[in-house]
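Below are the chains, spelled out letter by letter.
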Amino acid sequence: MLIDFVWVKALSSALLPPLDLLLLATLGLLLLGLRRKAGLALLVASMAGLFLLSMPAVATTLAALLEPRYASGALNLEGAQAIVILGGGSYAAAPEYGGDSVAAATLERLRWGARLHRLSGLPILVSGGSPFATGTSEAAQMKAALVEDFRTDVKWLEEKSLDTFESARYARQLLAGAKIDRIALVTHAIHMPRARLVFEQAGFRVIEAPTGFSTSRSPGILNYLPSSHGLELSSSVLHEVIGYGWYHVRLAASTQRGQQ
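Quick look at the structure, then.

What counts and what doesn't
- Residues numbered from 1 in each chain as written.
- Predicted model: local features only at pLDDT ≥ 70, side-chain atom pairs only at ≥ 80, totals over all residues.
- Heavy atoms only, no water.
- Helix = DSSP H or I, 4+ residues; strand = E, 2+ residues; numbered from the N terminus.
- Rg over C-alpha atoms; globule rule 2.2 N^0.38 Å.
- Buried < 20%, exposed > 50% of the residue type's maximum accessible area, 1.4 Å probe, protein only.
- Areas by Shrake-Rupley, 256 points an atom, 1.4 Å probe, with all protein chains shown as cover.
- Lys, Arg positive; Asp, Glu negative; His and termini not counted.
- Charge placed at Lys NZ, Arg CZ, Asp CG, Glu CD.
- Phe/Tyr/Trp six-rings, centres within 6.5 Å; stacked < 30°, edge-to-face > 60°.
- Pairing = 2+ DSSP bridges.
- Axes fitted to C-alpha atoms, helices over the stretch in contact; angles between N-to-C directions.
- Left-handed = near helix turned anticlockwise from the far one by under 90°.
- Contact = heavy atoms within 4.5 Å.
- Nonpolar A, V, L, I, M, F, W, Y, C, P; charged D, E, K, R; others polar.

1. Things to note about the overall build of the protein chain
Phase 1: Helix and strand counts for the protein chain stand at nine helices and seven strands.
Phase 2: Taken against the 2.2 N^0.38 rule, which gives 18 Å for 260 residues, the C-alpha radius of gyration of the protein chain at 20 Å falls within 12% of a compact globule.
Phase 3: With the C-alpha coordinates of the protein chain rotated into their principal frame, the extents come out at 65 × 55 × 40 Å.
Phase 4: Here the protein chain holds 260 residues, and 40% of them are scored as buried.
Phase 5: Entry remark: accessible area of the protein chain is about 14,000 Å², with carbon and sulfur atoms responsible for 61%.
Phase 6: Each charge class in the protein chain can be summarised by its mean position, and for the 23 positive and 20 negative side chains these summaries are 7 Å apart.

2. Thoughts on the packing of aromatic side chains
Phase 1: Enumeration over the complete set of coordinates arrives at two aromatic pairs.
Phase 2: Where Phe 165 meets Tyr 247, the ring centres are 5.5 Å apart and the plane angle is 65°; that geometry is what we call edge-to-face. With Phe 165 in helix 7 (residues 164–176) and Tyr 247 in helix 9 (residues 228–259), the pair connects residues that are 82 residues apart, well separated along the chain. Accessibility assignment for this pair places Phe 165 and Tyr 247 in one class, buried.
Phase 3: Seen from their ring centres, Phe 199 and Phe 204 are 5.7 Å apart, and the 40° between their planes marks the pair as tilted.

3. A look at the pairing of strand 1 (residues 82–86)
Phase 1: Summarising burial for strand 1: five of the five residues are buried, a large majority.
Phase 2: Because side chains alternate across strand 1, one face comprises the buried residues Ala 82, Val 84 and Leu 86, and the other comprises Ile 83 and Ile 85, equally buried.
Phase 3: One ladder, built from four bridges, connects strand 1 with strand 6 (residues 182–188); its direction is parallel. Its bridge partner being in strand 6, Ile 85 is matched across the sheet by Val 186.
Phase 4: Looking at chain direction, strand 1 and strand 4 (residues 124–127) are connected through four bridges and run parallel. Bridge pairing in strand 4 links Leu 86 to Ser 127.

4. Regarding unusual backbone geometry
Phase 1: The amide bond that connects Pro 17 to the next residue, Pro 18, takes the cis arrangement and shows omega of 5°.
Phase 2: On the secondary structure map, Pro 18 appears in the loop between helix 1 (2–14) and helix 2 (19–31).
Phase 3: Within the chain, Ala 93 stands out as a residue other than glycine whose phi angle is a positive 50°.
Phase 4: Structurally, the position occupied by Ala 93 is in strand 2 (residues 90–94).

5. Points about the side chain of Ser 214
Phase 1: Counting through the fold element by element, Ser 214 comes out in the loop between strand 7 (205–211) and helix 9.
Phase 2: Judged by its relative accessible area of 17%, Ser 214 is buried.

6. A short note on the pairing of strand 3 (residues 99–102)
Every other side chain in a regular strand lies on the same face of the sheet, so the side chains alternate between the two faces.
Phase 1: Bridge count for strand 2 against strand 3 is three bridges, and the pairing is antiparallel. What sits directly across from Ala 94, in strand 3, is Gly 99.

7. Examining the packing of helix 7 against helix 8 (residues 192–201)
Phase 1: The N-to-C vectors of helix 7 and helix 8 enclose an angle of 35°; their axes lie 9 Å apart at closest approach. In the packing of helix 7 onto helix 8, the handedness of the crossing is right-handed. Judged by residue contacts, Thr 164, Phe 165, Ser 167, Ala 168, Arg 169 and Ala 171 of helix 7 engage Arg 194, Ala 195, Val 198, Phe 199 and Gln 201 from helix 8.
Phase 2: Its residues placed into classes, the contact of helix 7 with helix 8 shows six nonpolar, three polar and two charged.

8. Thoughts on the environment of Gly 203
Phase 1: By secondary structure assignment, the location of Gly 203 is in the loop between helix 8 and strand 7.
Phase 2: By relative accessible area, which is 35% here, Gly 203 ends up partly exposed.
Phase 3: The spacing of Gly 203 and Arg 169 is 34 residues in sequence and 8.9 Å in space, taken between C-alpha atoms.

And the structure:
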């Protein structure tokens, strides 16, 4: 299972910038001696792609296509029975914490989930296994951060999942006994379409509770100058698009197996 996860991650890296653009440029260099025009075309395409995808203006525009429309103060948790917070990565062997802790992306989700808990009183489920073989699961790290740093209780830990697809299935198994099927789902705004897809397919009724919106723009000319942040955001958008398509394939395959 872990080996499959690593191979999927390696394949997705090859399809995403900057690696896909570097591979395209490498192919262009190899073709220069045989087909000069084709090689130059590939080199120009890779450089142009890198330039455009690194521009914050392009990256935030792409992100806005995925992120749900959200008005400040408009979130309504009425009818929700629990808050489900998805893991967003680990900070392995954190020296200042004396061991594994949550990554920055996970911390953003925990902060928002803790606030929603204080506003609503709803119980919390944290979800995340140990895909990169850290000493503790993401769920355990999330619980520790919520309890120790936000003084917020956690009722359920889902510690087996390696991705969002599995998070939905295992969370459903945990909450079925409590007869909970309507949840407030906490994850990054850019990740919400894919997360909602699989949680609804697992049988949940989902209230979107996104955080970490990516649509704020840099001032003036900085919005059009390539940056590492712009490239990272563009890569995240493309990752979500590929993941959304892949999850549709997995869901279709699961349905087909169930009918056989």
